[in-house]
Every structure is written in C-alpha cells, then in structure tokens.
Amino acid sequence: NAGVTQTPKFRILKIGQSMTLQCTQDMNHNYMYWYRQDPGMGLKLIYYSVGAGITDKGEVPNGYNVSRSTTEDFPLRLELAAPSQTSVYFCASSYGPRQGKGTDTQYFGPGTRLTVL
Amino acid sequence: AQSVAQPEDQVNVAEGNPLTVKCTYSVSGNPYLFWYVQYPNRGLQFLLKYITGDNLVKGSYGFEAEFNKSQTSFHLKKPSALVSDSALYFCAVRDRHQAGTALIFGKGTTLSVSS
C-alpha cells in the first residue's frame, strides 16, 4: 500500500490565485481529513469527510472548499489565495466506526508546503 | 472544550539517557490519546495510542507512554535516547464517544538528542 499520498509537495501562489491540493489513500478508509500546520501551533482541522459525498467543516474552514466523490480521493480547493494561507497542509485518513476495524488511528500524508506571496 | 498541552517547546537529552516528553489533556469524556512523531520535511508518523486497559502503552521505536487519569497526563518516555530520535513530537486527544472525528493536537515538542 502507498498509504496517503499528496500532490504537489511544494507550491508558490500569488495572492488571488486558486489551486487544488490533491490527496489519495489506498487503505479503503471511510474517513479523511485536511489539517494545516503552522509553526508553534500544532495542527488545525480544516475539513473532514466521513464517506463519499459527505463533508463537514473543521476548526478553520474559511477560504477552503472540499469534495469527496470517491472513497480514495479528497481534494482541497483554495479559491482566492491569501498570505494567511501560507502553511503546510496535511491530509490524513482513518477507518470509520462502521468499518468494524476496531481502530480509528489516523494516517498522514507527507504534506504540501504552500507559500502565498 | 477539548485541549492538549505540551508544556515544553524543547527537550534536550544526551544519547543513552532516558527521555520524557510531557502531555496533559482536557476532554469532556474518557479520552483516546495518541503520540505522533514528525521528522524534518515529513508527515506525521503514528507512534502509539491509549484506548483502554493497561495504563502503560508500548509503541514503535522503543517508545512508551503512561496514561494517568488522575493527573490527566499521557507522558511519552524512552529508557535510552538515540540521536535518531531527534524530531518534533505531537500529543493528540479525542473523546472516545466521538468516533472518527478529528484529533486535537498539542503544539508539539522538539526533542533534541545529543551524542
């Protein structure tokens, strides 16, 4: 298994540009998450999804959008990039409670480092 | 509100000495507790978790953590530190009755092991 993969690894955007951060997992996890990591702040949840077609806001959703058309993919969209969105973005996935695996340990991708200038 | 505190921004240890990275938590119900490690320019790697049962949990790379309900703590420990243990460590928590929801992370503690 490749686990959780993210593309791109690095990106520089100009203010007002848009982009999509890609995330794919091959572990058949129902639950997927997007976090952002800022220095000295830990990780903050942006959006999460409990299955295909179902998404919900996390702690810091403003300026972002998500979709979940398949179990494997959970892209994060930035519509109008702002300097405040400069951060490292991590995608994660886990089994959901109805998958009967007895664990919801989250597994993380390698991250996307985004700079908005 | 749920929260996690890692009171030390940095812990410095000599190789071969025991190490402790501290974590305290606040959650409304009974907690699930996790430790993750992040090496430079890498994603978070799962180390160990406490769900139920024995308060001493053993994880990857020789790490262990002790759940203390009365002190609401979940400190990470290792009997003998290695230089390769140098990394950023995150403690995380969630209420056990909120299955599949996001983790609440501490701010992280940088562990530096000197040779």
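Owing to the predicted nature of the structure, the values given are computational and were not obtained by experimental measurement. Residue positions within a chain follow its written sequence, with the count starting from 1. Starting at A for chains and at 1 for ligands, labels are handed out in the order in which the entities are written. It should be noted that, the model being predicted, local features are given only for residues of pLDDT at least 70 and side-chain atom pairs only at 80 or more, the latter also being counted only at that level, while totals for whole chains, interfaces and linings use all residues. With hydrogens and water set aside, each side-chain value is computed from the structure's full complement of heavy atoms.

### Considering the pattern of salt bridges
Now for step 1: Salt bridges are defined as contacts in which a side-chain nitrogen from Lys or Arg sits within 4 Å of a carboxyl oxygen from Asp or Glu. A complete count under the given rule lists six salt bridges over all chains for this structure.
Now for step 2: The salt bridge partner of K44 of chain A is E59 of chain A, with a shortest N-O separation of 3.7 Å. In this pair, K44 of chain A is assigned in strand β5 (residues 43-51) and E59 of chain A in the loop between β6 (54-57) and β7 (64-66), connecting sequence segments 15 residues apart.
Now for step 3: On the basis of relative accessible area, K44 of chain A is assigned to the partly exposed category, the value being 26%.
Now for step 4: Across the salt bridge formed by K58 of chain B and E64 of chain B, the nearest N and O atoms sit 2.9 Å from each other.
Now for step 5: Partly exposed describes any residue whose relative accessible area lies between the buried limit of under 20% and the exposed limit of over 50%, with all areas from a 1.4 Å probe on protein chains only and scaled to the type maximum. Taking the relative accessible area as the measure of exposure, E64 of chain B reaches 18% and is therefore buried. Note on conventions: DSSP H or I runs of at least 4 residues are helices, E runs of at least 2 residues are strands, and numbering of each starts at the N terminus.

### What to know about the sheet that holds strand β8 (residues 76-78) of chain A
Backbone-to-backbone hydrogen bonds pair the strands of a sheet. The strands run either parallel or antiparallel.
Residues and elements named next belong to chain A.
Now for step 1: The pairing criterion for strands is at least two bridges between them, as found by DSSP. Here we have four strands laid out as an open sheet, ordered β1-β3-β8-β7, and antiparallel in their pairing. Edge positions in the open sheet fall to β1 (4-7) and β7, since each of these has one partner strand only. Neighbouring strand axes in the sheet, compared pairwise and without regard to direction, differ in orientation by 20° on average.
Now for step 2: In the sheet, β7 pairs with β8 via three bridges, with the strands oriented antiparallel. Bridge pairing in β8 places V66 opposite L76. In this analysis an axis means a line fitted to C-alpha atoms, helices contributing only their contacting stretch, and an angle means the value between N-to-C directions, from 0 to 180 degrees.

### What about the interface of chain B and chain A?
Now for step 1: Contacts between the two partners involve 21 residues from chain B and, on the opposite side, 19 residues from chain A.
Now for step 2: Each of two parts loses accessible area, computed with a 1.4 Å probe, when they are put together; buried area is these two losses added. When the two sides are added together, the surface that chain B and chain A hide from each other amounts to roughly 1,600 Å², 55% of it contributed by carbon and sulfur.
Now for step 3: Where chain B meets chain A, there are zero salt bridges.
Now for step 4: Polar contact is defined as a pair of N or O atoms within 3.5 Å, subject to the rule that within protein one atom must be able to donate a hydrogen and the other to accept it, and that residues adjacent in sequence are counted only when both atoms are side-chain atoms. Linking chain B with chain A are four residue pairs in polar contact (both at pLDDT 80 or more), by the criterion used here.
Now for step 5: When residues of the side of chain B that touches chain A are traced back to their parent elements, those giving at least two are β5 (31-38), β6 (44-50) and β10 (87-95) of chain B.
Now for step 6: Counting residues per element, the side of chain B that touches chain A draws most heavily on β5 of chain B, which supplies four residues.
Now for step 7: Classification used: nonpolar for Ala, Val, Leu, Ile, Met, Phe, Trp, Tyr, Cys and Pro, charged for Asp, Glu, Lys and Arg, polar for all others including Gly. Classifying every residue of the side of chain B that touches chain A gives eleven nonpolar, six polar and four charged. Two residues form a contact once any of their heavy atoms are found within 4.5 Å.

### Comments concerning the pairing of β5 of chain A
All names here are of chain A.
Now for step 1: In terms of burial, β5 is a largely internal element, seven of the nine residues being buried.
Now for step 2: When strand β4 (residues 31-37) meets β5, the two strands line up antiparallel, connected through six bridges. Bridge pairing in β5 links Y33 to Y48.
Now for step 3: As consecutive antiparallel partners, β4 and β5 are separated by five residues, and within that stretch G40 has a phi angle of approximately 70°, a positive value.
Now for step 4: Bridge analysis of β5 against β6 gives four bridges, and the strand direction is antiparallel. Bridge pairing in β6 links S49 to T55.
Now for step 5: Taking the residues that link successive antiparallel strands as the turn, the β5-β6 hairpin has two residues, and the phi of G53 there is positive, at about 85°.

### Focus: the side chain of S94 of chain A
All names here are of chain A.
Now for step 1: Residue placement: S94 occurs in strand β9 (residues 87-94).
Now for step 2: By relative accessible area, S94 is classed as buried at 0%.
Now for step 3: Setting aside residues up to four positions removed in sequence, S94 forms contacts with H29, N30, Y31, Y33, Q99, D104, T105 and Q106.

### Some words on the state of the cysteines
All names here are of chain A.
Now for step 1: In this description, a disulfide is simply a cysteine sulfur pair whose atoms lie within 2.5 Å. By the definition in use, this model includes two disulfides over all chains.
Now for step 2: Between the sulfur of C23 and that of C91 lies a disulfide, 1.8 Å long from S to S. Its S-S torsion of about -70° marks the bond between C23 and C91 as left-handed, since a negative value means left-handed. One end of the pair, C23, is in strand β3 (residues 19-25); the other, C91, is in strand β9, and 68 residues separate them in sequence.

Interpretation note: all reported values are geometric properties and have no functional meaning in isolation.
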